[in-house]
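A closer look at the structure
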Amino acid sequence: MQKIAVIGAGTMGNGIAHVFAQHGYAVNLIDVAAPALEKALQTITKNLDRQVAKGTIPPDIKDQTISNITLHTDLAAGVKDVSLVVEAATENIALKLKIFQDLDQHAPADAILATNTSSISITKIAAVTKRPAKVIGMHFMNPVPVMKLVEIINGYATDKAVTSAIVALSEKLDKVPCVVNDYPGFIANRILMPMINEAICSLFEGVAGVAEIDTVMKLGMAHPMGPLQLADFIGLDVCLSILQVLHDGFGNPKYAPCPLLVNMVTAGYLGVKSGEGFYKYTAGSKDLVVSERFNQ
């Protein structure tokens with residue numbers, strides 16, 4: 001695999017493109033919105049500059065990485081000659097199914113189609129293609145250039161040779177691959193999201209405040225970030241979406257999203273991306289300030 005296509009120029013997509021390009025792969029970064037592509041390239045450049053400043057890569061690697069990335073707004077043109085596609089579009093099942101139908105039509109017949117989904121069924125995605133054996137989950141963690149884990153998810157029909165190829169590729173990216181099977185939430189979010197949901201329920205029920213809940217988990221459980229801050233970082237809308245997938249998939253009330261989470265998402269308080277969630281975020285400031293809504 002020497003040429004890779006990445007679908008989606010958002011936070012995950014630009015991070016995935018960055019990692020592949022830095023490891024010498026030619027990357028076609030694809031998004032329907034040209035401004036999103038330009039913003040992604042700016043983000044990648046900024047992150048590479050940070051790596052150079054820290055001495056983790058030499059300046060020539062930065063230049064080579066950027067030169068390895070080509071921007072495309074046309075999906076058909078961007079995937080016509082690649083060995084692997086990694087889809088990293090919005091976590092929306094209808095959108096992903098449409099993308100995979102298009103990929104199946106335009107990508108080479110022997111290309112592997114991977115999705116960075118954090119919870120949506122690989123089997124369901126694969127079923128809309130004529131190559132279900134070549135469809136697999138390749139779930140990177142955010143921020144992609146920093147986090148070592150790649151959760152590799154086998155769909156019901158994924159070929160073992162495809163799994164082996166993606167495991168080997170992940171290792172070439174200096175990542176640690178963990179292979180899991182296709183059930184709602186896989187492993188990462190099946191365990192993480194109920195913890196985040198329970199933290200939100202504890203706040204909702206008045207057991208403790210935002211800072212107290214996060215401090216207990218950081219100092220008591222050695223978590224680098226408290227669950228409420230982490231929820232803000234992930235995006236409260238994403239957390240809600242994953243919990244709904246878990247709840248629908250298992251039919252178990254323990255996965256039911258907390259009413260507070262539902263209300264916050266409905267009102268547009270999505271965390272870092274919207275400027276406020278459990279904490280308030282100000283551009284240029286690294287101070288962690290609890291939202292006034294939870295300081296009453």
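Just so you know, these numbers come straight off a predicted model, no measurement behind them.

**Points about the UniProt feature "site: Important for catalytic activity" (unreviewed entry) in the protein**
Per the UniProt record, the feature "site: Important for catalytic activity" (unreviewed entry) sits at H139. For H139, the location among the structural elements is in strand β6 (residues 135-140). Take H139: its relative accessible area is 7%, and that puts it in the buried class. Once residues lying within four places of it in the same chain are set aside, the contact partners of H139 are T115, N116, T117, S118, L149, V150, E151, I153, A188 and N189.

**Details of unusual backbone geometry**
With omega at 0°, the peptide bond leading from N142 into P143 counts as cis. For P143, the location among the structural elements is in the loop between β6 and β7 (149-154). Backbone geometry places A222, a non-glycine residue, at a positive phi of 60°. One can find A222 in the loop between α9 (210-221) and α10 (227-234).

**With respect to the UniProt feature "domain: 3-hydroxyacyl-CoA dehydrogenase NAD binding" (unreviewed entry) in the protein**
UniProt feature "domain: 3-hydroxyacyl-CoA dehydrogenase NAD binding" (unreviewed entry): in the numbering of this structure it lies at residues 3-182. Helix makes up 44% of residues 3-182 and strand 22%, with an end-to-end C-alpha separation of 27 Å.

Rules used in this analysis
- Residues numbered from 1 in each chain as written.
- Predicted model: local features only at pLDDT ≥ 70, side-chain atom pairs only at ≥ 80, totals over all residues.
- Heavy atoms only, no water.
- UniProt positions renumbered as here; feature names shortened; annotations may be inferred.
- Helix = DSSP H or I, 4+ residues; strand = E, 2+ residues; numbered from the N terminus.
- Buried < 20%, exposed > 50% of the residue type's maximum accessible area, 1.4 Å probe, protein only.
- Contact = heavy atoms within 4.5 Å.

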